Amino acid sequence: MIDADYLILDGYNVINSWPELIALQEQNLEHARKQLEEFAANYASFKGVRAIVVYDGQDMGISGAPREEVRNKNLSVVFTNTDMTADSYIERRVYEILRRKKVVFVVTGDYSEQLAVLGSGAYRFSVRELRADYRRAQQEMQKKGMRSQELARNEIGNMLDPNVLDKLEKLRRQKDAF
């Protein structure tokens, strides 16, 4: 169980370590990212923390400053630029948060990143530990009658078959290319 102000997740590291997300990633990386973000938002909301999911933008050709998107009051998603790894962004962000006297947990399976985080004064939380705590939190939410954000939102994307979503996304990309 964590008692923190911030929870920073090394996005691709978590996706590549969480069995459900690994399977989803094999079908569609975007869906795996969305599922991780959904997990993080639900968990952060229940725990009363601010979650930040950080993805390497190096392979995406993102230039300039890292792109941060605030998804809701509990979740931000960051794509680093081509000159910055997720690890270096996380280390910098942890330092900034710790200077404000806040408690930070970082979720990563990367041993060198764990050492850097611990050395800075933050806490590490393995993907396995997060997964187990997330399941406990889900059970508590169910006992308290809380609904996950996925169920609470009435978006059409949550009701469509993933294959249909893929086809719609391909059509959208074709339209944007013209």
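**Student:** If you had to explain helix H6 (residues 127-143) to someone new, which residues and values would you point to?
**Tutor:** With 17 residues, H6 extends 24 Å between its outermost C-alpha atoms, agreeing within 8% with the 24 Å of an ideal straight helix rising 1.5 Å per residue. Within the span of H6, buried status applies to Val 127, Leu 130, Asp 133, Tyr 134, Ala 137 and Met 141. Projected down its long axis, H6 shows its buried positions confined to an angular sector of 120 degrees, all on one face. Exposed and facing more than 90 degrees away from the buried side of H6 are Arg 128, Gln 142 and Lys 143. Against the buried residues of H6 lie strand S1 (6-10), helix H1 (11-15), helix H3 (29-47), strand S5 (104-107) and strand S6 (123-125). Phi turns positive, to about 75 degrees, at Gly 145, one or two residues after H6.

**Student:** Go over the nonpolar core, please, and point to the residues and values.
**Tutor:** In terms of nonpolar packing, the biggest core is built from 32 residues, with Leu 7 and Leu 9 touching the most fellow members. Of all the elements, H3 adds the most residues to this core, at eight residues. Not counting chain neighbours up to four residues away, the residues in contact with Leu 9 comprise Val 14, Leu 36, Ala 40, Ala 51, Ile 52, Val 53, Val 54, Val 107 and Leu 130. Of all hydrophobic cores here, the second largest spans 16 residues; its members include Val 54, Tyr 89, Val 117 and Ala 122.

**Student:** Summarise the environment of Val 14; cite the residues concerned and give the values.
**Tutor:** For Val 14, the position within the fold is in helix H1. Look at Val 14 and you get buried, because its relative accessible area is 0%. The spacing of Val 14 and Leu 130 is 116 residues in sequence and 9.5 Å in space, taken between C-alpha atoms. Setting aside its immediate chain neighbours within four residues, Val 14 contacts Leu 9, Leu 21, Leu 36, Val 107 and Val 127.

**Student:** Can you break down empty space enclosed by the protein residue by residue, with the values?
**Tutor:** If you walk through the whole model with that rule in mind, you get one cavity of 30 Å³ or more. Considering only enclosed or pocket space, the largest cavity measures out at about 40 Å³ in volume. Lining the largest cavity we find Leu 7, Leu 9, Trp 18, Phe 39, Ala 40, Tyr 43, Leu 130 and Tyr 134. Secondary structure elements with two or more residues in the lining of the largest cavity: S1, H3 and H6. Each residue belonging to the lining of the largest cavity can be placed in one class, and the counts come to eight nonpolar, no polar and no charged.

**Student:** An account of the packing of H3 against H6 is requested, with residue identities and associated values reported.
**Tutor:** Direction vectors running N to C along H3 and H6 enclose 65 degrees, while the axes themselves pass 10 Å from each other. Along this stretch, H3 crosses H6, giving a crossing that reads as left-handed. Of the residues in H6, those in contact with Phe 39, Asn 42, Tyr 43, Phe 46 and Lys 47 of H3 are Leu 130, Asp 133, Tyr 134, Ala 137, Glu 140 and Met 141. Taken together, the residues that form the contact of H3 with H6 break down as seven nonpolar, one polar and three charged.

Reading the values: the criteria
- Residues numbered from 1 in each chain as written.
- Predicted model: local features only at pLDDT ≥ 70, side-chain atom pairs only at ≥ 80, totals over all residues.
- Heavy atoms only, no water.
- Helix = DSSP H or I, 4+ residues; strand = E, 2+ residues; numbered from the N terminus.
- Expected span 1.5 Å × (residues − 1).
- Buried < 20%, exposed > 50% of the residue type's maximum accessible area, 1.4 Å probe, protein only.
- Arc of directions from axis to C-beta.
- Contact = heavy atoms within 4.5 Å.
- Core = buried A, V, L, I, M, F, W, Y, C linked by side-chain atoms within 4.5 Å.
- 1 Å grid on protein atoms, 1.4 Å probe; cavity = no way out; pocket = protein on both sides within 12 Å on 5 of 7 lines; lining within 4 Å.
- Points joined across faces, edges and corners; volume = space filled by probe spheres on them.
- Nonpolar A, V, L, I, M, F, W, Y, C, P; charged D, E, K, R; others polar.
- Axes fitted to C-alpha atoms, helices over the stretch in contact; angles between N-to-C directions.
- Left-handed = near helix turned anticlockwise from the far one by under 90°.

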